[in-house]
Amino acid sequence: MSQNIQFKDGQLIVPDQPIIPFIEGDGIGKDITEPSQRVINAAVKAAYGDSKKIVWKEVLAGKKAFELTGTYMPDETLEAFQEYLVGIKGPLETPVGDGIRSLNVALRQTLDLYVCLRPIRWFKGVPSPIRYPELVDMHIFRENTEDIYAGIEFMTGTEKAIKFRDFLINEMGVEVIRFPETSSFGVKPVSKEGSVRLIKAAIQYAIARELPSVTIVHKGNIMKFTEGAFKNWGYDLAETEFADHTFTWKQYQQIEKQLGKAEANASMEAAKASGKVIIKDCITDAFLQESLLHPFDHSVIATLNLNGDYVSDQLAAMVGGIGISPGANINYNSGYAIFEATHGTAPNIAGTGKANPGSLILSGAMLLEYLGWYKAAEHVYDAMEHTFSKRKVTSDLFSMMEGATLLSTSDFADEIIRNIH
Ligand code: NAD
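Residues numbered from 1 in each chain as written. Predicted model: local features only at pLDDT ≥ 70, side-chain atom pairs only at ≥ 80, totals over all residues. Heavy atoms only, no water.

Engineer: I'm lost on the environment of Lys63 in this one. Help?
Structural biologist: By secondary structure assignment, the location of Lys63 is in helix H2 (residues 63–69). Judged by its relative accessible area of 41%, Lys63 is partly exposed. Along the sequence, Lys63 and Gly27 sit 36 residues apart, while their C-alpha atoms lie 9.1 Å from each other. Non-local contacts of Lys63, meaning those with residues more than four positions away in its chain, are made with Asp26, Tyr72 and Glu93. A polar side-chain atom of Lys63 sits 3.2 Å from a polar atom in the side chain of Glu93. (Helix = DSSP H or I, 4+ residues; strand = E, 2+ residues; numbered from the N terminus. Buried < 20%, exposed > 50% of the residue type's maximum accessible area, 1.4 Å probe, protein only. Contact = heavy atoms within 4.5 Å. Polar contact = N/O pair within 3.5 Å; in protein donor to acceptor, adjacent residues only side chain to side chain.)

Engineer: Before we go on, may I ask you to explain the pairing of strand E13 (residues 300–303) in this structure?
Structural biologist: For a regular strand, the rule is simple: side chains alternate between the two faces of the sheet. Residues Val300 and Ala302 point to one face of E13 and Ile301 and Thr303 to the other, with burial holding for every one of them. Here strand E7 (residues 137–143) runs beside E13; their pairing, made up of 4 bridges, is parallel. By the bridge assignment for E13, Ile140 is matched with Ile301. Pairing analysis gives 4 bridges linking strand E10 (residues 213–218) to E13, with the strands arranged parallel. Looking at the pairing, Thr215 lines up with Ile301 of E13. (Pairing = 2+ DSSP bridges.)

Engineer: Is there a simple way to explain the packing of helix H1 (residues 29–48) against helix H13 (residues 374–389) in this structure?
Structural biologist: Each pair of packed helices gets described by two things: the angle between the helix axes and the distance between those axes. Contact geometry for H1 and H13: axes closest at 8 Å, N-to-C directions at 125°. Our classification of the angle between H1 and H13 gives oblique. Relative to H13, H1 is oriented so that their crossing is right-handed. Two secondary-structure elements touch here, H1 through Val39, Ile40, Ala43, Val44, Ala46, Ala47 and Tyr48 and H13 through Tyr374, Lys375, Ala376, His379 and Val380. (Axes fitted to C-alpha atoms, helices over the stretch in contact; angles between N-to-C directions. Parallel < 35°, antiparallel > 145°, perpendicular 65-115°, else oblique. Left-handed = near helix turned anticlockwise from the far one by under 90°.)

Engineer: Where do I start with the site of the ligand in this structure?
Structural biologist: In the vicinity of the ligand there are 20 residues, among which Leu92, Gly344, Ala346, Asn348 and Asn356 approach most closely. Between the ligand and Asn104, the relevant distance is 3.0 Å, taken from an oxygen atom to a side-chain nitrogen or oxygen of the residue. In this structure, Gly344 approaches the ligand through a main-chain N or O atom, which is 2.7 Å from an oxygen atom. Considering the ligand on its own, with 810 Å² of exposed area, one finds that the protein chains cover 66% of that surface. Of the residues belonging to the shell around the ligand, the class tally is 8 nonpolar, 8 polar and 4 charged. (Near = heavy atom within 4 Å. Areas by Shrake-Rupley, 256 points an atom, 1.4 Å probe, with all protein chains shown as cover. Nonpolar A, V, L, I, M, F, W, Y, C, P; charged D, E, K, R; others polar.)

Engineer: Would you explain the state of the cysteines in this entry?
Structural biologist: Any covalent bond linking the sulfur atoms of two cysteines counts as a disulfide. One pass over the structure, following the stated rule, counts 0 disulfides. For Cys116, which is in no disulfide, the shortest distance to another cysteine sulfur is to Cys282 and amounts to 20 Å. Accessibility expressed as a relative area gives 11% for Cys282, which makes it buried. (Disulfide = S-S within 2.5 Å.)

Engineer: Sorry, what's going on with the pairing of strand E14 (residues 326–330) here?
Structural biologist: For E14, the tally of buried residues reaches 5 of 5 residues, placing the bulk of the element in the interior. Burial along E14 is two-sided: the face carrying Pro326, Ala328 and Ile330 and the face carrying Gly327 and Asn329 are both buried. Relative to E14, strand E6 (residues 115–121) runs antiparallel, the two being bridged by 3 bridges. Bridge assignment links Val115 to a residue of E14, and that residue is Ile330. Sheet topology places E14 next to strand E15 (residues 337–341); 5 bridges connect them, and they run antiparallel.

Engineer: Whenever I open this one, a nonpolar patch on the surface confuses me. Can you help?
Structural biologist: Among the surface-exposed residues, Tyr132, Leu135 and Phe296 lie close enough to one another that they form a single nonpolar patch of about 300 Å² accessible area. When you line up the elements, Leu135 lands in the loop between E6 and E7. (Patch = residues over 30% accessible without salt bridge, like charges linked within 9 Å, V, L, I, M, F, W, Y side chains within 5 Å. Salt bridge = Lys/Arg side-chain N within 4 Å of Asp/Glu carboxyl O.)

Engineer: Can you walk me through helix H4 (residues 103–111) in this structure?
Structural biologist: For an α-helix, the turn length of 3.6 residues means that residues three or four places apart are oriented alike. Turning to H4, its buried residues are Leu103, Asn104, Ala106, Leu107 and Leu111. Along the long axis of H4, the arc covered by the buried residues comes to 160°, so they all point the same way. Where H4 is buried, its residues contact strand E3 (19–23), helix H3 (75–84), strand E5 (86–89) and E15. Once H4 finishes, Asp112 follows within two positions and takes phi at roughly 50°, a positive value. (Arc of directions from axis to C-beta.)

Engineer: Could you clarify how one ought to interpret the side chain of Glu143 in this entry?
Structural biologist: You can see Glu143 is positioned in strand E7. Here Glu143 sits buried without a salt bridge, and the closest side chain of opposite charge, Arg197, lies 4.5 Å off (N-O distance). In this structure the side chain of Glu143 is engaged in a polar contact, spanning 2.7 Å, whose partner is the backbone nitrogen of Glu146. If we skip the residues at most four places from it in the chain, Glu143 touches Tyr114, Gly194, Leu198, Thr303, Leu304 and Asn305. (Lys, Arg positive; Asp, Glu negative; His and termini not counted.)

Engineer: When you look at the sheet that holds E7 in this model, what are you seeing that I'm missing?
Structural biologist: To summarise the sheet geometry, strands pair through backbone hydrogen bonds and adopt either a parallel or an antiparallel arrangement. On the basis of which strands lie adjacent, the open sheet formed by 11 strands has the order E4-E3-E5-E15-E14-E6-E7-E13-E10-E12-E11 and mixed pairing. Pairing within the sheet leaves two strands with one partner each, and these edge strands are strand E4 (55–58) and strand E11 (246–248). Each adjacent strand pair in this sheet contributes to an overall mean axis angle of 25°, direction not counted. Docked against the sheet, H3 engages E3, E4, E5 and E15, running at close to 150° with respect to E3.

Engineer: What is the right way to read the side chain of Thr248 from this model?
Structural biologist: Positionally, Thr248 belongs in strand E11. Classification of Thr248 by relative accessible area gives buried; the value is 0%. Those residues in contact with Thr248 that sit more than four places away from it in its chain are Tyr235, Ala238, Glu239 and Ile279.

Engineer: I keep staring at unusual backbone geometry and nothing clicks. Help me out?
Structural biologist: Excluding glycine, residues mostly have negative phi values, and the peptide bonds linking residues are mostly trans. For Asp112, which is not glycine, the phi torsion reads 50° and is therefore positive. Note that Asp112 resides in the loop between H4 and E6. By relative accessible area, which is 29% here, Asp112 ends up partly exposed. Although it is not a glycine, Glu210 adopts a positive phi angle of roughly 55°. The topology assignment puts Glu210 in the loop between helix H6 (192–208) and E10.

This is the structure:
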């Protein structure tokens, strides 16, 4: 019998037939949703026979919702995600016009989904611009609710911008606004709570999956009280709450200062050997280079909103692009989670059968992992890899692969299902 997922004492309680709300999405959303669900259903069946099953429940958002209900995000949709806790969505077009909020932002804010999680791994056979894509296994934890993306902006010339500028100059003694008469302004809130809950989720994820490190990626060299504080709060958290499970770069430096490099190296090696997660940090611009040159040096990445936006797309491009890059927005304190295709609505190919359903399928696999249905998720990963290694792909990858077979969206999903053993 189908049932709701519950969240008690920090744990998800998942019935054998959980109801999972889904938003089909705009543009290629219609093309990729049904094939993706077929793959997920087949993987669950292969793993658990008839003893477990996902009960898909469509909820409306975007253009389809507007056509059927006159609103882009009906209250029932938000309520469904609250009631059922875990859901999945296709891409949604951001409607153009004043006063209309991005639908994705509305979902994120209502459910306070503070982690944007993007796992980045390479599947054998997928074309990559880097030399050793097989060494890429990164997991990005991007803070999803704060930073310069909070939406606190004042356009030059407006009453608010003038008031804000005068406050900065007259009350705060700011003297460095280069062109005060024509400046627009944006505010970058970064809180201790917001930073700590994000970095905590990243460290817990690394510990649970026995991953080697968490890199805090930041621009604290320039923005000391926001990005720099983010880094410091991260180190403090690791050294207090996770002292038994982590060894930090700061601790390394302290030992080096007191006892010398050899001793610090020995401590680092001992920590690694005992399975401790190494907590380090990297300046964002250096990280973008580092991740290309030495991707194997980084495992879990914890970063603020804007950095996370750039980092996510670069890393996705390293392993095959947005067509196969999954994502999730999660609140680990309430259990709420929405898994999603990370690409947009791709209006240029909607309805043509060219869309790659890989991003949504892999987001579905992430959902399975979140439910604790790891065996089913493994079936998806294995079958996907098998399909790529046989060079059977959709049009986005076809043009980059020699000797490949071109499949439509639906045929690609069928091929994956055939490869689920
Ligand atoms: P897009 O991701 O839709 O498209 C960029 C390019 O990638 C296009 O050439 C497209 O054909 C291709 N592409 C995207 N997904 C693909 C797939 N699965 N298979 C093959 N090719 C794929 O980005 P855009 O054009 O900047 O945005 C279009 C719309 O999507 C906008 O309204 C935007 O607001 C929205 N959007 C939504 C989300 C979301 O819902 N999470 C994310 C990004 C953009």
